[in-house]
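Fold and geometry: a report
Below, each chain spelled out in residue letters.
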Amino acid sequence: PEPPPITAAIDGVVVDEGQHPVKDALVVVVDPDHPPLFHAKALRMKAHTDAKGRFHIEPASVGKLVLQAEAADHLSPPAPSPLVTEAGKTADVTVVLRRAARLQGALVDPKGKPVTGAHLWVPGQVRPNAPEERHQGQCDSDLSDGAFEVRGLTFGEVELHATAEGFPPAVFKLQAPGKALSLKMQRGAELKGKLVDEKGAPLGGTEVVLQALQPMPGTVQPHGEVDDQGNFTVPGVPNGRYFAVAELPERRTVFARVEVADH
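Quick look at the structure, then.

Conventions adopted
Residues numbered from 1 in each chain as written. Predicted model: local features only at pLDDT ≥ 70, side-chain atom pairs only at ≥ 80, totals over all residues. Heavy atoms only, no water. Helix = DSSP H or I, 4+ residues; strand = E, 2+ residues; numbered from the N terminus. Buried < 20%, exposed > 50% of the residue type's maximum accessible area, 1.4 Å probe, protein only. Contact = heavy atoms within 4.5 Å. Areas by Shrake-Rupley, 256 points an atom, 1.4 Å probe, with all protein chains shown as cover. Salt bridge = Lys/Arg side-chain N within 4 Å of Asp/Glu carboxyl O. 1 Å grid on protein atoms, 1.4 Å probe; cavity = no way out; pocket = protein on both sides within 12 Å on 5 of 7 lines; lining within 4 Å. Points joined across faces, edges and corners; volume = space filled by probe spheres on them. Nonpolar A, V, L, I, M, F, W, Y, C, P; charged D, E, K, R; others polar.

A short note on the overall build of the protein chain
For the protein chain, the helix and strand inventory stands at zero helices and 22 strands. Sorting the 263 residues of the protein chain into buried and exposed places 39% on the buried side. Of the contacts made within the protein chain by residues no fewer than 6 positions apart, 59% connect residues no fewer than 24 positions apart. Total accessible area computed for the protein chain in this model is approximately 15,900 Å², and 52% of it derives from carbon and sulfur atoms.

Structure, rendered in structure tokens:
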């Protein structure tokens, strides 16, 4: 018979910056020279921490490995930690996960009505591939009442960005953590117009999109449908200069310059 494979073991604890145990953290250990196929092969070297923050992984590969940990309401280190295991021995590991803050509240319009389906995020703190909690640092507001909860944030002042259909982009300077927040998004201007051909006949069956001359990262292009009479309305237009662009079936693209400003 073949001899059993030579393996090691890993004993560890996950704590926060105050040395308090972190319960239910996910710990994953990977051999960087022979990484698993994440979508075709289960991760073998992984464990969840108990109530005391302890975890045990056995069997573990022998040699130079890397360790990554994730936990709800905690910030993971920016890079995995190196780890060296020896055959027949148990490696002792301590992992520190800093506590994270969250922002909770609701988005409303100037009349207090909920802004639903908005996208909210904090630049530089979005981690879409976190194993334990996906979409940390960002969320969408609830489709019924505009409620939101952005998790996995650093403590202190943050800039929360929000975009929603029919609203100009908004930026809120807030202190994290924050609860029961009521954030107001302004409606912006409403641009109305008519799309006609060179003879003045109305053109329909398309939409008008406003492309900013100086676009801001992460913003949504305001747009509106053109009806059969050629009329269109574009809501939620921020102040600025735009190209109003329409793509016409079997025709060339047409555009006009538009400026929106307070008067």
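Side note on the environment of His 34
Along the chain, His 34 turns up in the loop between β2 (26-30) and β3 (46-48). Residue classification places His 34 among the exposed positions, given a relative accessible area of 61%. Spatially, the C-alpha atom of His 34 lies 9.8 Å from that of Leu 65, the residues being 31 residues apart in sequence.

A look at the pattern of salt bridges
As enumerated under the stated definition, the model contains eight salt bridges in all. For Asp 73, the salt bridge goes to Arg 102, with nearest N and O atoms at 2.5 Å. On the criterion of sequence distance, the pair formed by Asp 73 in the loop between β5 (63-70) and β6 (74-75) and Arg 102 in strand β10 (residues 101-108) is long-range, its members being 29 residues apart. The shortest N-O distance in the salt bridge between Glu 190 and Lys 192 comes to 3.9 Å. This pair shows no difference in class: Glu 190 is exposed, exactly as Lys 192 is. Among the charged side chains, a network of salt bridges with common partners joins Asp 73, Arg 102, Glu 149 and Arg 151.

Section: empty space enclosed by the protein
The final tally for this structure, using the stated rule, is one cavity of 30 Å³ or more. If you add up the space inside the largest cavity, you get close to 90 Å³. Along the walls of the largest cavity sit Ala 164, Glu 165, Gly 166, Phe 167, Pro 169, Val 220, Gln 221, Pro 222, His 223, Pro 235, Gly 236 and Pro 238, which together make up its complete lining. Contributing elements (two or more residues each) for the lining of the largest cavity: β15 (167-176) and β20 (231-237). Of the residues in the lining of the largest cavity, the class split is seven nonpolar, four polar and one charged.

What to know about unusual backbone geometry
The phi angle of most residues is negative, glycine excepted, and most peptide bonds adopt the trans form. A cis geometry characterises the amide bond from Glu 58 onward to Pro 59, with omega recorded as 0 degrees. Following the sequence through the fold, Pro 59 ends up in strand β4 (residues 54-60). Each neighbour pair has its own omega, and for Ala 176 with Pro 177 the value is 5 degrees, a cis peptide bond. Topologically, Pro 177 is positioned in the loop between β15 and β16 (178-184). With phi around 65 degrees, Gln 19 is a residue other than glycine that occupies positive phi space. Tracing the chain through its elements places Gln 19 in the loop between β1 (8-15) and β2. Phi angles above zero are rare outside glycine, and Asp 24 is one such case at about 60 degrees. Here Asp 24 lies in the loop between β1 and β2.

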